[in-house]
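# Architecture at a glance
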Amino acid sequence: MANIRARVERWFEGFARFTYRNRIKTIVVMLAVSAGLILQIRNITVDTSMEGFLHDKDPALLAYNAFRDQFGRDEVIILAINPPNVFELDFLKKLKALHEELEEHVPYVDDMTSLINARNTRGGVDELIVEDLLEQWPKTADDLKVLKKRVLSNSLYRNLLISEDGTFTTIIIRTHSHSSLGAESDLMKGFEDTQPVDQSPMPAKRAYLSDEENSKVVQAVYKIVRKYEGADFPIEVAGSPAVTYFLKQAMMRDMRKFMALSVLVAAAVLFIMFRRITGVVLPIFVVGLSLLSTLGLMALFKKPVMLPTQILPSFLLAVGVGTSVHILAIFYHRFRKNGDKKQSISHAMGHSGLAIVMTNVTTACGLLSFSTAEIAPIADLGIFSGIGVLLAFVYTVMLLPALLALIPLRQKAHKATAKNPGTIMDRFLGWVSRFSTTYPRRIILASVLIMLLSLFLIYRIQFSHNPVGWFPEDNPIRRATEKIDRELKGSISLEVVIDTGKENGLYEPEILNRIEKAVSYVESLEFSDIFAGKAWSLTAILKEINQALNENRPEFYAIPQNRDLIAQEFLLFENTGSDDLEDVVDSQFSMARFTIKVPFKDAVRYEQFFKTVESYFKKHFPEARITLTGMMALLFRTVYNVMLSMAKSYAIALVVISVLMILLIGRVRIGLLSMVPNIAPILMMLGITGALSLPMDLFTMMVASVAIGLAVDDTIHFMHNFRRYYEIGGDPKDAVQQTLETTGRAMLVTSIVLSLGFFVFTFASMRNIVNFGLLTAFTIIMALLADYLVAPALMVLVNRPKMREPKT
């Protein structure tokens, strides 16, 4: 193993000399490759949709897509208005003006409902009339009283278009389910030359409404709302499309902020360490190219920027700079002594080449462990951040030596003297070396106790997935969502699809009676702050029809108990020209939609609610196929996938990195022991998460795998150099001292760069990103302490001093 390592180190020295000789060619080739990838960035897209968290083949997403294809989009934008008096003529006029302007100017709208055009089903002379609620505009105070009574007595309007106390009213906007892309070509079908049926190609499946189109909808809504809102016309805007839009805006804003702060932090640390412009510009230039190339690859493979991938630029910048630091630290140190640039580059690459290969591979493996995640953006982040780390490594070992060879450098005087005991950093590292090798058993005992305490606290971890809760409490979308959830009993839906499998199966009174009982049962469910604010299905329309056809008498607001009569009533309703049945039942009357309006809360807390609803429908509709879907079901599915992905990624990262450590060190026992300084910080981070009751969401779950891939870097550098000095001198204490005096400096600097790079995320506008940054930075600092204290203590305990042969 020692011979293999020596050959690898010599290869890196030779490669550095080759790069030095061919520096112009190397730079041209690397810049050409970079340019090809960077040009792809113009095609990159952004996706912050809730369904984007799931893979295309996820059963929950497939069920949701089937639902959207059949019934349209379940996501709605809710405008809740709280005037002094809803049933006042001036307010209704303004409401009508707002409704009409929204209808005229908001794109991609499929349906818009308010008190202005709410369905009003009534019976006339020998006819069924389905008209808008305000088809006949009220003119007098008596007309308004009649309107108020009609609205408040209508159970379908309640908590949908009007609050229970009549103080809030809403406008509900539902957009098209499918994207407008390709719509024009669809309109031309039928005017083209036709082919025989058996030769015609399968029609391409239309894409769903895109993130960009959703943004246009929300922007148009807010633009119009700002014209109308005032003290007597306060408007709150909520609903998952609006939440998605705000998430996107926060992400784009934060990404720009993270990049600027990350560059400033890296530049400051690099300048303090090297005191050279080249020591600042070259690492940032090289890492910047690798970052842009990574984004180009994402665009090339049609992978959008999503909420988790927003950390990618700052992360790659911090990691890539750390790789450059290990090469530049050795290069500048050597160059100050001998002034020979070629020899200094060769020496730096030979000294650090193998170590940075292993550190980048282990970091990439930690990240690539996410590639199997059940959460689509987490898997994408794992793949492309892993690729980005490896790209940064390749760019560093090829471009950095070539640029150093090309740019003129001034040799600085070496200031070390016998009277100068060293810098503050030298004295600090000397103290760390003496302490860790003098008290190894005490350090190990304290570490074991801390890990045991952390294991105890881990049991307090609570999983979470609450996109609204990521926003600060004073954020407009969070405030509006919470208010609408409180006043109108929900802003998001859970959908139940009841598939009888029989044509006209929903004409059966017995099945419709069960659906109506299900409405009452579901509306009675309440588990703390999780409840059903409202439930409805096709029975609501049927009861309206039956009442209207029976002289509008209230006692006939019920389901007819005759199959033929039900079929006739539905047919009469369809003949009025209303298409409302399409929203709740398929064309063959075999599949019904059952909508449950719920508050936008943490999806984890819906577990009991979901199980109760699912078991009820499966028990009471044994002959039908029951599917729970809708936006709330997708959020709940995401939580399950987070837990599954967390366990898989942690296991993969630990196994792969342990194997790599064993291969690097060459001994199984020492390789496994070297994982202790890496596992301890992860346990501490999880313990802190439990102790502080921080939510384990899809961002927090990434900390361990990201951190272990980073933490192991310093361990590799320590073990790599400790092995070298121990084999030369045979004294483990001296080997620890020499390792910390050389590599310890770069370990400290890279840890500072990495931790500050993640502390940058504390400036995020969303709390989940703040938590991610704090926990990752904390883990990196703890990992450095473990490498300074635990790793040396372990090496002193397991490596005995070698007896030197006496000189003859």
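Residues numbered from 1 in each chain as written. Predicted model: local features only at pLDDT ≥ 70, side-chain atom pairs only at ≥ 80, totals over all residues. Heavy atoms only, no water.

A pair of packed helices can be characterised by two numbers: the angle between their axes and the separation between those axes. Packing of helix H23 (residues 701-729) against helix H24 (residues 732-759) brings their axes to within 8 Å, and their N-to-C directions diverge by 160°. The pairing of H23 with H24 is recorded here as roughly antiparallel in orientation. As for how H23 packs across H24, the hand of that crossing is right-handed. A breakdown of the residues in the contact of H23 with H24 according to their chemical character gives 13 nonpolar, eight polar and one charged. (Axes fitted to C-alpha atoms, helices over the stretch in contact; angles between N-to-C directions. Helix = DSSP H or I, 4+ residues; strand = E, 2+ residues; numbered from the N terminus. Parallel < 35°, antiparallel > 145°, perpendicular 65-115°, else oblique. Left-handed = near helix turned anticlockwise from the far one by under 90°. Nonpolar A, V, L, I, M, F, W, Y, C, P; charged D, E, K, R; others polar.)

Okay, the sheet that holds strand E6 (residues 235-238) next. The strand order across the open sheet built from four strands is E2-E5-E1-E6, with neighbouring strands paired in antiparallel fashion. In this open sheet, the two edge strands, each paired with only one partner strand, are strand E2 (109-113) and E6. Going from strand to strand, the sheet's axes swing by 15° on average, the running direction of each strand aside. Bridge analysis of strand E1 (residues 76-81) against E6 gives four bridges, and the strand direction is antiparallel. For Ala80, the partnering residue across the bridge sits in E6 and is Glu236. Of the strands in this sheet, E1, E2, strand E5 (169-175) and E6 touch helix H4 (residues 89-105), which is tilted by about 10° from E5. (Pairing = 2+ DSSP bridges. Contact = heavy atoms within 4.5 Å.)

Moving on to H24. The end-to-end C-alpha separation of H24 is 35 Å, well short of the 40 Å expected for 28 residues at 1.5 Å each. The residue sitting at the N-terminus of H24 and contributing the capping side-chain oxygen is Asp731; that oxygen lies 3.0 Å from the backbone nitrogen of Lys733. (Expected span 1.5 Å × (residues − 1). Polar contact = N/O pair within 3.5 Å; in protein donor to acceptor, adjacent residues only side chain to side chain.)

Let us look at a negative patch on the surface. On the surface, Glu100, Glu103, Glu104, Asp111, Glu574, Asp579 and Glu582 cluster together into a negatively charged patch. In terms of residue count, the dominant contributor to the negative patch is H4 (three residues). Note on placement: Glu574 falls in helix H18 (residues 563-575). (Patch = residues over 30% accessible without salt bridge, like charges linked within 9 Å, V, L, I, M, F, W, Y side chains within 5 Å. Areas by Shrake-Rupley, 256 points an atom, 1.4 Å probe, with all protein chains shown as cover. Salt bridge = Lys/Arg side-chain N within 4 Å of Asp/Glu carboxyl O. Lys, Arg positive; Asp, Glu negative; His and termini not counted. Charge placed at Lys NZ, Arg CZ, Asp CG, Glu CD.)

Strands sit in the order E11-E12-E8-E13 across an open sheet of four strands; the sheet is antiparallel. Both edges of this open sheet fall to strand E11 (534-536) and strand E13 (625-629), since each of them pairs with a single strand only. The average undirected angle you get between the axes of adjacent strands in this sheet is 15°. The pairing of E11 with strand E12 (residues 591-598) spans three bridges and is antiparallel. Residue Lys534 lies in a different strand from E12, and its bridge partner there is Lys597. Each of strand E8 (492-499), E12 and E13 touches helix H3 (residues 59-71); the most contacted strand, E12, lies at about 110° to it.

A complete count under the given rule lists 29 salt bridges for this structure. Of the charged contacts, one joins Glu482 and Arg478 as a salt bridge, the two residues approaching to 2.9 Å between their closest N and O atoms. In this pair, Glu482 and Arg478 are both assigned in helix H15 (residues 476-488), four residues apart and thus about one turn of the helix distant. With relative accessibility at 10%, the residue Arg478 sits in the buried group. Close ionic contact of Arg593 with Glu495 constitutes a salt bridge, the shortest N to O distance being 3.0 Å. Of this pair, Arg593 sits in strand E12 while Glu495 sits in strand E8, and the two are 98 residues apart along the sequence. The exposure class assigned to Arg593 is buried, which follows from its relative accessible area of 7%. Taken together, the shared-partner salt bridges in this structure form one network comprising Glu9, Arg723, Arg724 and Glu727. (Buried < 20%, exposed > 50% of the residue type's maximum accessible area, 1.4 Å probe, protein only.)

Here we take up the nonpolar core. Core analysis: the largest hydrophobic core is formed by 251 residues, its most contacted members being Leu79, Phe594, Phe609 and Phe617. What Phe617 contacts, discounting residues up to four positions off in sequence, is Val496, Ile498, Ala518, Val522, Phe594 and Ile626. (Core = buried A, V, L, I, M, F, W, Y, C linked by side-chain atoms within 4.5 Å.)

Now for the packing of H23 against helix H25 (residues 767-798). Axis separation between H23 and H25 bottoms out at 9 Å; the angle between their running directions is 30°. Here H25 runs roughly parallel to H23, going by the angle between their axes. You can see that H23 and H25 cross each other, and the crossing is right-handed. Here H23 contributes Met702, Val703, Val706, Ala707, Leu710, Ala711, Asp714, Thr715, Phe718, Met719 and Phe722 to the contact with H25, which in turn contributes Phe772, Leu775, Thr776, Thr779, Ile780, Ala783, Leu784, Asp787, Ala791, Pro792 and Met795. Within the contact of H23 with H25, the residues separate by chemical class into 17 nonpolar, three polar and two charged.

One can find Thr629 in strand E13. Given a relative accessible area of 2%, Thr629 falls into the buried group. Excluding its chain neighbours within four sequence positions, the residues that come into contact with Thr629 are Ala63, Tyr64, Phe67, Leu494, Glu495 and Val497.

On to the environment of Gly687, then. Its location among the elements puts Gly687 in helix H22 (residues 676-691). Once the C-alpha coordinates of Gly687 and Leu452 are considered, the two residues, 235 residues apart in sequence, prove to be 9.6 Å apart.

What follows covers the side chain of Glu236. On the secondary structure map, Glu236 appears in strand E6. If we ignore the near neighbours within four places in the chain, the residues touching Glu236 are Ile78, Leu79, Ala80, Ala480, Lys483 and Ile484.

This brings us to the confidence of the model for the chain. Per-residue pLDDT for the chain averages 87, and the proportion of residues at 70 or more is 94%. For the stretch residues 183-203, pLDDT sits under 50, and the model shows four contacts to residues farther than four places along the chain or on other chains. Counted against residues more than four places away or in other chains, residues 416-421, with its pLDDT under 50, gives one contact. (pLDDT = per-residue confidence, 0-100.)

What follows deals with the packing of aromatic side chains. Two descriptors summarise a pair of aromatic rings, namely the distance from one centre to the other and the angle between the planes of the rings. Inspection of every chain in the model, using the stated rule, returns 33 aromatic pairs. Between the aromatic rings of Phe91 and Phe233, the centroid separation amounts to 5.3 Å while the plane-to-plane angle is 40°, which identifies the pairing as tilted. In this pair, Phe91 sits in helix H4 while Phe233 sits in the loop between helix H7 (211-228) and E6, placing the two residues 142 residues apart along the sequence. Judged by relative accessible area, which is 1%, Phe233 ranks as buried. Aromatic ring contacts, followed pair by pair, group Phe258, Phe315, Phe758, Phe761 and Phe772 into a single cluster. Directly above the aromatic system of Tyr20 lies the positively charged group of Arg23, at a separation of 4.9 Å from the ring centroid. Sitting over the face of the ring of Trp137, Lys96 holds its NZ or CZ atom 5.0 Å from the ring centroid. (Phe/Tyr/Trp six-rings, centres within 6.5 Å; stacked < 30°, edge-to-face > 60°. Lys NZ or Arg CZ within 6 Å of the ring centre and 35° of its normal.)

On to the environment of Leu785. In this fold, Leu785 is placed in helix H25. In this structure Leu785 comes out as partly exposed when scored by relative accessible area, which is 40%. Through-space distance from the C-alpha of Leu785 to that of Ile566 is 75 Å; in sequence the pair is 219 residues apart.

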